[in-house]
Amino acid sequence: METKDQRYLVQQNKLTDKDNTAPVFARVMRSKEGKFEGVSFIRNKEKATVMTIAEAEEAMAWAAKKKGNAHEYTSKIICVGQ
């Protein structure tokens, strides 16, 4: 049986971060059937969605396309332990 390599988070930092505010992390929204519906960004790292690398890339692409202020943030995929 194959196990999914789920150990990645999507982290965003504000580009013009003068206050050194904390980064935000992606929380993936899914339908009851498990279909990807979107992403919200939260401050609590423990409540963020742990994903595979493909899911993390999908979340980053969705955020860049759908979030109006996406140009104000830099996004990166990090390992859970970071």
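Before any of the text, the structure's been laid out above.
Residues numbered from 1 in each chain as written. Predicted model: local features only at pLDDT ≥ 70, side-chain atom pairs only at ≥ 80, totals over all residues. Heavy atoms only, no water.

Peer 1: So what's going on with the overall build of the protein? Which residues, and what values?
Peer 2: Scanning the protein for helices and strands turns up 1 helix and 4 strands. Seen in sequence order, the protein has helices and strands lined up from the N terminus as β-β-β-α-β. Scaling as 2.2 N^0.38, a compact globule of 82 residues should have a C-alpha radius of gyration of about 12 Å, and the protein matches this with 13 Å. Here the protein holds 82 residues, and 28% of them are scored as buried. For the protein, the proportion of contacts with a sequence separation of at least 24, taken over those separated by at least 6, is 53%. In the form shown here, the protein has an accessible surface area of approximately 5,900 Å², with 49% of it arising from carbon and sulfur atoms. On the protein, the mean spot of the 15 positive side-chain charges and the mean spot of the 11 negative ones are 4 Å from each other. (Helix = DSSP H or I, 4+ residues; strand = E, 2+ residues; numbered from the N terminus. Rg over C-alpha atoms; globule rule 2.2 N^0.38 Å. Buried < 20%, exposed > 50% of the residue type's maximum accessible area, 1.4 Å probe, protein only. Contact = heavy atoms within 4.5 Å. Areas by Shrake-Rupley, 256 points an atom, 1.4 Å probe, with all protein chains shown as cover. Lys, Arg positive; Asp, Glu negative; His and termini not counted. Charge placed at Lys NZ, Arg CZ, Asp CG, Glu CD.)

Peer 1: Could you give an account of the nonpolar core, with specific residues and numbers?
Peer 2: Membership of the largest hydrophobic core is limited to 8 residues, which are Val10, Ala26, Val28, Phe36, Val39, Met51, Ala56 and Ala59. Elements with a contribution of two residues or more to this core: strand E2 (24-30), strand E3 (36-42) and helix H1 (53-66). (Core = buried A, V, L, I, M, F, W, Y, C linked by side-chain atoms within 4.5 Å.)

Peer 1: Now, about the packing of aromatic side chains: what can you tell me, with residues and values included?
Peer 2: Describing an aromatic ring pair means giving the distance of the ring centres and the angle of the ring planes. Per the counting criterion, the structure on display carries 1 aromatic pair. Aromatic side chains Phe36 and Trp62 sit 6.4 Å apart centroid to centroid with 80° between the ring planes, which places their arrangement in the edge-to-face category. Pair noted here: Phe36 is in strand E3 and Trp62 is in helix H1, with a separation of 26 residues, a long-range link. (Phe/Tyr/Trp six-rings, centres within 6.5 Å; stacked < 30°, edge-to-face > 60°.)

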